[in-house]
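The lines below spell out each chain.
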Amino acid sequence: MTDAPLLEVRNLTRRYKLPRQSLLRAPPVLTALEGAAFSLCAGETLGVVGESGSGKSTLARLIMAFERPDEGEVLFQRRDLHGLSSGELRRLRRGFQMVFQDPFGSLNPRRRIGWSIAEPLRASGETEHLGYRVAEALTQVGLHSADAGKYPHEFSGGQRQRIAIARAIITRPALLVADEAVSALDVSIQAQILNLLMDLQDDLGLGMVFISHDLAVVGSVCDRVLVLQHGKTLESGAALDVLRAPKHPYTKTLLKAAGVRP
Amino acid sequence: MRRLPANFLLGAVLVSLVVGIAALSLVWTPHDPQTMSIPTKFASPSAIHWLGTDQLGRDVVAQLMAAARNSMTVALVAVLLGGSIGVALGLLASALGGWVEDGVMRLADLGFAFPALLFAIMLAAVFGPSLTNAVLAISFINIPIFARVTRASANQIWTRDYVAAARAAGRGRFAISRDHILPNIAAAIIVQATIEFAVAILAEAALSYLGLGAQPPASSWGRMLSEAQTLMYLAPQLAIYPGLCIVTAVLGFGLLGDGLRDITDPRLARAR
Amino acid sequence: MIELANLSAHFGDAAALRDVTLTIQRGDQLGIVGESGSGKTLLALCLMGMASDSAHLTGRLSIDGRDMARASERDWQQLRSRRVAMVFQEPMAALNPLRRVGDTVMEPMLLHEGLSRGEARKRALSLFEEVGIPNPDQRLRQFPHEMSGGQRQRVLIALALACNPALLIADEPTTALDANVALRITDLLQRLAREREMALVFISHDLAAVARATDDIVVMYAGDMVERGPTAEVLNAPAHPYTKGLLGARPDPGVAVRDVKGKRRRLPTIPGAVPPLHALPQGCRFSGRCPVELPCCAAQRPVFSQTDQARGAACHLLTERRDD
């Protein structure tokens, strides 16, 4: 681990205007995320826990620079993503990649998976050895290089999530944002994908933001945890401390819901 | 293998019939459609003139075939031209969003509010009536239709995760529109194009009927119909033949479009 | 009350459900766990007489002593809502968006029991109170979109209870809900079953939810019933390798992420994935993924055998041991 943080999020706030209820009144505003702040080093995993409406997906979209915050900064390798020109941002994108929740929706159904996996490389202007790089990424996630010629519907949910991970690591990024990356999978497949993410992290020294509603899953892969509710940070700290001695009653509820043995 | 819907099959048969006849007319017609022969005018169907001749002694079958070709060409050009402009505008609106999207869609509303016939009459008034102007008018009304369908379908695809993944990969909005959006909305656009093809055939016939489309001596179902109208009592069959052709072609493309929609979007088929 | 004996469901040649044998008595709280493709939802649909027409049912499915495996739709209509009722996973999808929830809840009472609108309204009000919907008077007049997800699920529970069923089937009732709400809905279902002396079948992929809600558990894998027994005993000391694997793969929130050397711990896994219906193994359907496979497993199907009075499992390891 190096001293300079890989990712630093400062006072991140995002508000959405809701549809007008009446012509005369100003449209209501929803604060999806308020003052979120953390920093992440290479090789480290930060878990973001929250349920629908907690702002965890908004946080992911802001880190990925899909949308702009109303306040605050996202510093990736000490550069503010939201202060860059679109060209600079596009060049920097190969450094941070994302894995999505729905393994059925995150791959273009009309493209062979080799094409989809190579997309980040082509986007950053690389044209050489694409086939080799795709084969390498497929092997890294436990699939065969021959799978590159197949279409997404020929794979199971767990395999598709592996493909999505292959696409995310092909540019050899420094940061991976995983938004509910195992939530749509069966329990037995979940563990496989979580282990794969940990293997890749060890091999590639990835920093990871792991977003989930499931405290047990977060607890099994994350070094530190941030608990969000209605856009506000309820508590944060080392994963073991939060899980063993939650301070906030809401965290206790989440823990209760995640426990197998009553 | 799933069974194909009946409307698709019937539409496909009618469309291949009409398109086949139009294609055949390129290389062969039983007579020259333009050649007049006053002595044999109003001839009854015979071995030489299968459906008889018209008031100027021209062979009806030959004219119908030439008119089919005219009709297909007009519809094809109009749908391709209007469709590609409309699809491009729709993709642009969807990709850029914000004021561009608002602007394009308000323009589309304006286009919808403007009747095609009125536009064609306006073009004819300014540039004189011609088939080209008719094609332009029909293309023009197709633009907002395709722009709307494209934008609505494209907006859905923009919310998909694989589009977000492409953005995360660092791809630009236009590259995403080309590689991800267009292939996934192609089915909807093809369905719309087939239906608009039927509308274009009907519009061409209407414009030619009003004298704003195909000019003599070019053959057109609409013009045949308008010429036959004055002879309704003398030779009603001359109005019936082009009329049947128009019905066949419009029905064929309409059914084919509906059938394609049922195949590509089973949800809509069940809802009906 | 309900008795299944060797109930199987075939789609063509493929058995999506094989020889399910179990009984449900009044007041039983039974959990059915399994992953996708385990047949748990199909089993629920069979109990409602709502399995698709292309499913060919064999074996015995008796409700109140009457064999319903080949019963007609008319016969099932007599039983649904009055003897067996169901709560679905997605509360928004299960309610007609254009109808007031009160009308939806009253419909089965008017239809099956011939109540007058006034009587039905009175019963709907008391049901809303029973399932914990505040201001039931107002709520009856609302549309589904005006309610929260948890409220909608309560409406669906009220709807299922409308004609006092003897068995309530809940198919993934908490999967679409947030943890807070899910816990309360689980507790509500359990309380209702106890107070009404109604049987509850709670179907879920979530071991934690089933552990909270039920006394007995059935573990399903690829259409087979692999283990059955009291919930606490099965979860504390699973007999079948699949149940063991499932429990192990579930992360334990109390364990540190890194070991003493600072390396991240890996989770125990079940290798591979559930094979598709047409490519299931000949013998034990878990063979190929099982960590303790015997030579006979791939070819020979294990019989479901009781290990003691209350527990049983379908695994060659158990029968082998007894033969020794």
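Residues numbered from 1 in each chain as written. Chains lettered and ligands numbered in written order. Predicted model: local features only at pLDDT ≥ 70, side-chain atom pairs only at ≥ 80, totals over all residues.

Q: Quick one: what's the story with the overall build of chain B, residue by residue and with numbers?
A: Per the secondary structure count, chain B includes ten helices and zero strands. Secondary structure elements of chain B, listed N to C terminal, follow the sequence α-α-α-α-α-α-α-α-α-α. Referenced to the eigenvectors of the C-alpha coordinate spread, the extents of chain B come out at roughly 75 × 55 × 35 Å. Expressed as a percentage of the 272 residues in chain B, the buried residues total 49%. (Helix = DSSP H or I, 4+ residues; strand = E, 2+ residues; numbered from the N terminus. Buried ≥ 20, exposed ≤ 12 C-beta atoms within 10 Å, placed from the backbone.)

Q: Account for the overall build of chain C, with residues named and values stated.
A: Regarding its fold elements, chain C presents eleven helices and twelve strands. For 324 residues, the compact-globule estimate of 2.2 N^0.38 gives 20 Å, and the C-alpha radius of gyration of chain C, at 21 Å, lies within 12% of that figure. Each principal axis of the C-alpha atoms in chain C carries an extent, and together these give about 65 × 55 × 35 Å. Counting only residues that meet the buried cut, chain C has 47% of its 324 residues in that class. (Rg over C-alpha atoms; globule rule 2.2 N^0.38 Å.)

Q: Tell me about the arrangement of the chains, and name the residues and values.
A: In this assembly, two pairs of chains are in contact, and the pair with the greatest number of contacts comprises chains A and C. Here chain B and chain C are not in contact; the least distance found between their C-alpha atoms is 15 Å. (Contact = placed C-beta atoms within 7 Å.)

Q: Outline the interface of chain A and chain C, listing residues and values.
A: Counting residues at the interface gives 37 residues for chain A and 31 residues for chain C. Among the elements of the structure, α6 (187-204), α7 (215-221), α8 (239-244) and α9 (249-258) of chain A are those that each provide at least two residues to the side of chain A that touches chain C. Tallying contributions element by element places α6(A) first for the side of chain A that touches chain C, with ten residues. Counted by class, the side of chain A that touches chain C contains 19 nonpolar, eleven polar and seven charged residues. (Nonpolar A, V, L, I, M, F, W, Y, C, P; charged D, E, K, R; others polar.)

Q: Tell me about the packing of helix α3 (residues 101-112) of chain C against helix α4 (residues 117-130) of chain C, and please be specific about residues and values.
A: Residues and elements named next belong to chain C. Axis separation between α3 and α4 bottoms out at 9 Å; the angle between their running directions is 120°. Classified by the interaxial angle, the pair formed by α3 and α4 is oblique. At the point where α3 passes α4, the crossing takes the right-handed sense. From α3, Gly102, Val105, Met106, Met109 and Leu110 reach across to α4, where they touch Ala120, Arg121, Arg123, Ala124 and Leu127. For the contact of α3 with α4, the class distribution of residues is seven nonpolar, one polar and two charged. (Axes fitted to C-alpha atoms, helices over the stretch in contact; angles between N-to-C directions. Parallel < 35°, antiparallel > 145°, perpendicular 65-115°, else oblique. Left-handed = near helix turned anticlockwise from the far one by under 90°.)

Q: Requested: an account of the nonpolar core, with residues and values cited.
A: Residues A:Val177, C:Ala158, C:Leu167, C:Leu168, C:Leu200 and C:Val201 are the most contacted members of the largest nonpolar core, which totals 202 residues. Counting only domains with at least three residues in this core, you end up with domain 1 (2-214) and domain 2 (224-248 + 268-323) of chain C. Discounting residues that sit within four places of it in the chain, C:Ala158 has contacts with C:Val105, C:Leu127, C:Phe128 and C:Val131. If you look at the next biggest cluster of nonpolar residues, it comprises 57 residues, including B:Ala75, B:Ala116, B:Trp221 and B:Ile246. (Core = buried A, V, L, I, M, F, W, Y, C linked by C-beta atoms within 7 Å. Domains from an automatic or database assignment.)

Q: Account for the environment of B:Glu101, naming residues and giving values.
A: All names here are of chain B. Tracing the chain through its elements places Glu101 in helix α3 (residues 98-113). Using a count of 17 C-beta atoms within 10 Å as the deciding quantity, one classes Glu101 as partly exposed. Distance in space between the C-alpha atoms of Glu101 and Arg151 is 8.7 Å, their sequence separation being 50 residues. Here Glu101 is in contact with Ala93, Ser94 and Leu96, once residues within four sequence places are set aside.

Q: Account for the interface of chain A and chain B, with residues named and values stated.
A: The interface of chain A with chain B comprises 19 residues on the first partner and 14 residues on the second. If one sorts the elements of the side of chain A that touches chain B by residue count, helix α3 (residues 113-123) of chain A sits on top with three residues. Tallied by class, the residues present in the side of chain A that touches chain B amount to seven nonpolar, five polar and seven charged.

Q: Lay out the domain arrangement of chain C with the relevant residues and their values.
A: Residue and element names in this part refer to chain C. Examined at the domain level, chain C breaks down into domain 1 (2-214) and domain 2 (224-248 + 268-323). Taken over C-alpha atoms, the centre of domain 1 sits 28 Å from the centre of domain 2. On the side of domain 2, eleven residues touch domain 1, which itself brings 14 residues to the contact. At the level of elements, β2 (14-24) and α8 (207-213) are the ones that each hand at least two residues to the side of domain 1 that touches domain 2. Per-element accounting of the side of domain 1 that touches domain 2 gives the leading share, six residues, to β2. For the side of domain 1 that touches domain 2, a count of residues per class yields eight nonpolar, four polar and two charged.

Q: Can you break down the sheet that holds strand β7 (residues 175-179) of chain A residue by residue, with the values?
A: Residue and element names in this part refer to chain A. The six strands lie next to each other as β6-β7-β8-β3-β9-β10, forming an open sheet whose pairing is mixed. Every interior strand has two partners, whereas the edge strands, β6 (96-99) and β10 (232-238), have only one. With direction set aside, neighbouring strand axes in the sheet form an average angle of 15°. Here strand β3 (residues 45-49) runs beside strand β9 (residues 224-229); their pairing, made up of four bridges, is parallel. The partner of Gly47 across the bridge, within β9, is Val225. (Pairing = 2+ DSSP bridges.)

Q: Can you explain the packing of α3(A) against helix α5 (residues 157-169) of chain A? Please cite residues and give values.
A: Residues and elements named next belong to chain A. Contact pair α3 / α5: the axes reach a minimum separation of 7 Å and the direction vectors enclose 30°. Between α3 and α5, the angle is such that the two are roughly parallel. On α5, the residues touching Ile113, Ser116, Ile117, Glu119 and Pro120 of α3 are Ile163, Ala166 and Arg167.

Q: Describe in detail the environment of A:Thr58, supporting the description with residues and values.
A: All names here are of chain A. Counting through the fold element by element, Thr58 comes out in helix α1 (residues 56-63). On the basis of neighbour counts, which here come to 25 C-beta atoms within 10 Å, the residue Thr58 falls in the buried class. For Thr58, the residues in contact, after removing those within four places along its chain, are Arg14, Ala32 and Leu33.

Q: So, helix α5 (residues 131-158) of chain B: which residues are in play, and what are the values?
A: Between its first and last C-alpha atoms α5(B) spans 39 Å; for 28 residues at 1.5 Å apiece the expected length is 40 Å, and the two agree. Summarising burial for α5(B): 20 of the 28 residues are buried, a large majority. (Expected span 1.5 Å × (residues − 1).)

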